[in-house]
Amino acid sequence: MKEKKSFLMIPLVQSVLAALLCIVLGLLIGYLVLLAINPAGAGEGIVAIIKNFWNYPSKPAQMKYLGNTLVKTAPLLMCALSINFCYKTGLFNIGAAGQYVVGAGACLYAALKFNMPWFACILMALIVGGIWGFAVGMLKAYANVNEVISGIMLNWIGLYLVNMLLNGVKESTSPYTEQIGSVNKGALIPSAGLDKMFTNNKYVTIAIPLAIIIAVVIWVVLNKTKFGYEIRATGFNKEAARYAGMNEKRNIILTLVIGGALAGLGAAFLYLSGYEQWSVTQSSVPSMGFNGIAATFLGGLDPIGTIFSSFFIQHITSGGSYLDKAVYPSQIADLITSIIIYLCGFVLFFKLTLTGMLNRRRDKSGKSGR
Amino acid sequence: MILLIQYTLIFASVLTLVALGGCFSEHSGVINLGLEGVMVMGALGGALCMKAMAGSNYFITVILIILVSALTGMAYTVLLGVACINFKADQTLVGTALNIMATAVATVIVKALNMHENPDNVSATVQYGQAKKSLIVKIGTFQFNWFMLVAVVAVAVAFVVLYKTKFGLRLMACGENPQAADSVGINVYKMRWAGVLISGALGGIGGVVYITAGVSEWKFETGVAGFGFLALAVMIFGSWKPVNIGLAALLFGFFRALSNVYSGFSWLAALKIPSAVYNMFPYIISLLVLAFTSKNSRAPKAEGIPYDKGSR
């Protein structure tokens, strides 16, 4: 009995429990929405979303489509890490979406216009994303501008800029940018044999293991270095951190630069795999950065947890496309994701209540035992 | 030129309404970053109402559109209130969730309705061209929109309510020093709920004004293009005061209107600036404005901090 109590008190267990609860509730509400639209296929529909690549009967096909999900998990993980890293300083980097957009613009332009090799393109995305984060950081540190508002403004500025820029490298007959594979093969991130593991899915590249390695690095930086400690201290109590001699302004700017670079990198991981082309007529900011918010909070604000939650979020987002489109809108998946974000707002309350409940019970049993 | 004035006024009306919403919410102590989502929901309610009302009485249509969009907006902010006031959730996170959720909810609802009507129609577009005519009075070539009047009235009412009534002063006390307000018998939770719900109503109306500003059908997948956040910038620039907000909205509305009508000015069209640049204008201006005004701005002191009766 005593052991079980302490088990539920472990923060990690609480985080996992809270995340699972959010997922179950999110899926349940999604199911109810399906029921409301058309009761007949609702059960099948929600199962199709959860199954995603398992919807294919054959093993090779499953692996191939698992590969596709992973290809999009890598950028999502990077966006989530960006938001996670900034949140530790107490900054809500909703601008990750825009940093991702300018990263995409930079790497595609470098690849298609200047025929740069893949690592140079990645570097471009990283730098430009970092610059976008830097702008938010400067505004926050020196002009006291709320980072959420400036982030959103920069998202839209970035979108219009990138559309304008990539207009120069688009296919003449479509609004999409040219295929990297046919214009500049050297800009595609190498797959180093990984494609073989996923039934020759050529989009599976070293970007995926790289993203996981970066997540681990971020964990180490946050938890095992002086810089990480300063970041977390600033997040806990800005005034105390300043009083302790930490350069709060520098830390704010630096975190956002790193956050921006991470999001930019994420874009490079997707667009340099050749999986997607940029549409220069798109009129809304890609949802990758916003889904990153879901992944971050679902992952319990822990870089390692974020690896799993990113996969899950991408899994159901991709799963949405297996819904019967004649009956259900595929945006149900987005709806489930957003409900999960909303529910994550209750996680802190959940943890406090759980801890409080357990403490009370321990106190009671302690008293009766005496 | 008249077209420019017309668009400036209508976009300024949107910004005024939504920014006033944000103003009420923040004065009560809750940051409503979900205004963008509230606008989408209000727009959804209004658009469906307009679709249903096509061809009915002119006066009733206008009143009903306002009522329905205000109510949908309010209903949607209940989600914010529950999470942020009663469960003390992170206001930034919940607001963001509301923004993302609104687009998804609106798309799902509209698509489901469209498919129900006609199985081949899988778009997320609502058409309301006919009912939209009720909103407009033509004065020469200038199209007067009733919502412009609504916005002006809203500014006046907001001013009176905030500064001249017991309710408004109490509301503001809850955003400045909730503990002190509580100690003199004001129910902080109730006041914050009031602030949040008012922001929902105003945000909802703002949403329907936005979608009827230029077009007669709306694709709900696109959301409202950051207008909720522009409104927050207007609110900060207007230093949380209704009259200043109205004036700030005119400035922002002007830059937003430019992107709609610049091709009508021969000298602007001759400059051959890509339309994307005009589209960027409002966002760039708001960044600049915020950069210069945020440093010394006086936000309500307790905004963003969940009120906990037990804490000191």
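One structure accompanies this document, and this report is about it. (Residues numbered from 1 in each chain as written. Chains lettered and ligands numbered in written order. Predicted model: local features only at pLDDT ≥ 70, side-chain atom pairs only at ≥ 80, totals over all residues. Heavy atoms only, no water.)

Details of the interface of chain B and chain A
Contacts between chain B and chain A engage 44 residues on the former and 42 residues on the latter. Looking only at chain B, the three residues that lose the most surface to chain A are L93, V108 and L287 of chain B, adding up to 16% of its buried area. Where chain B meets chain A, there are zero salt bridges. Across the contact surface, chain B and chain A share five residue pairs in polar contact (both at pLDDT 80 or more). Broken down by secondary-structure element, the contributors of at least two residues to the side of chain B that touches chain A are α3 (58-86), α4 (91-117), α10 (227-237) and α13 (275-293) of chain B. If one sorts the elements of the side of chain B that touches chain A by residue count, α4 of chain B sits on top with 15 residues. Residues that form the side of chain B that touches chain A fall into these classes: 32 nonpolar, eight polar and four charged. (Contact = heavy atoms within 4.5 Å. Buried area = accessible area lost by both parts, 1.4 Å probe. Salt bridge = Lys/Arg side-chain N within 4 Å of Asp/Glu carboxyl O. Polar contact = N/O pair within 3.5 Å; in protein donor to acceptor, adjacent residues only side chain to side chain. Helix = DSSP H or I, 4+ residues; strand = E, 2+ residues; numbered from the N terminus. Nonpolar A, V, L, I, M, F, W, Y, C, P; charged D, E, K, R; others polar.)

Comments concerning α10 of chain B
Of all the eleven residues making up α10 of chain B, ten are buried; the element is thus mostly covered by neighbouring parts of the structure. Where α10 of chain B terminates, the next one or two residues include S239 of chain B, which has phi positive at roughly 40°. (Buried < 20%, exposed > 50% of the residue type's maximum accessible area, 1.4 Å probe, protein only.)

Let's talk about the pairing of strand β2 (residues 136-139) of chain B
Consecutive side chains of a regular strand alternate in pointing toward one face of the sheet and then the other. Here β2 of chain B pairs with strand β3 (residues 142-145) of chain B via four bridges, running antiparallel. From the neighbouring strand, I139 of chain B faces β3 of chain B, where its bridge partner is F142 of chain B. (Pairing = 2+ DSSP bridges.)

Observations concerning a nonpolar patch on the surface
All names here are of chain B. A cluster of nonpolar side chains, M1, I5, L9, F159, V160, V243, L247 and L250, forms an exposed patch at the surface whose accessible area comes to about 690 Å². Secondary-structure elements contributing two or more residues to the nonpolar patch are α1 (2-28), α6 (146-164) and α11 (242-261). Broken down by element, the residue count for the nonpolar patch peaks at three residues, all from α11. On the basis of relative accessibility, which here comes to 37%, the residue L250 falls in the partly exposed class. (Patch = residues over 30% accessible without salt bridge, like charges linked within 9 Å, V, L, I, M, F, W, Y side chains within 5 Å. Areas by Shrake-Rupley, 256 points an atom, 1.4 Å probe, with all protein chains shown as cover.)

What to know about the pattern of salt bridges
A full pass over the atoms with the stated rule returns eight salt bridges over all chains. Between R242 of chain A and E248 of chain A there is a salt bridge, with the nearest N and O atoms lying 2.9 Å from each other. By relative accessible area, which is 45% here, R242 of chain A ends up partly exposed. Here E248 of chain A falls in the buried class, since its relative accessible area comes to 9%. The salt bridge partner of K111 of chain B is E221 of chain B, with a shortest N-O separation of 3.6 Å. Separated by 110 residues along the polypeptide, K111 of chain B in helix α4 and E221 of chain B in the loop between β4 (217-219) and α10 bring together distant segments of the chain. Its relative accessible area of 10% is what places K111 of chain B among the buried residues. The network of salt bridges with shared partners includes K226, E230 and R250 of chain A.

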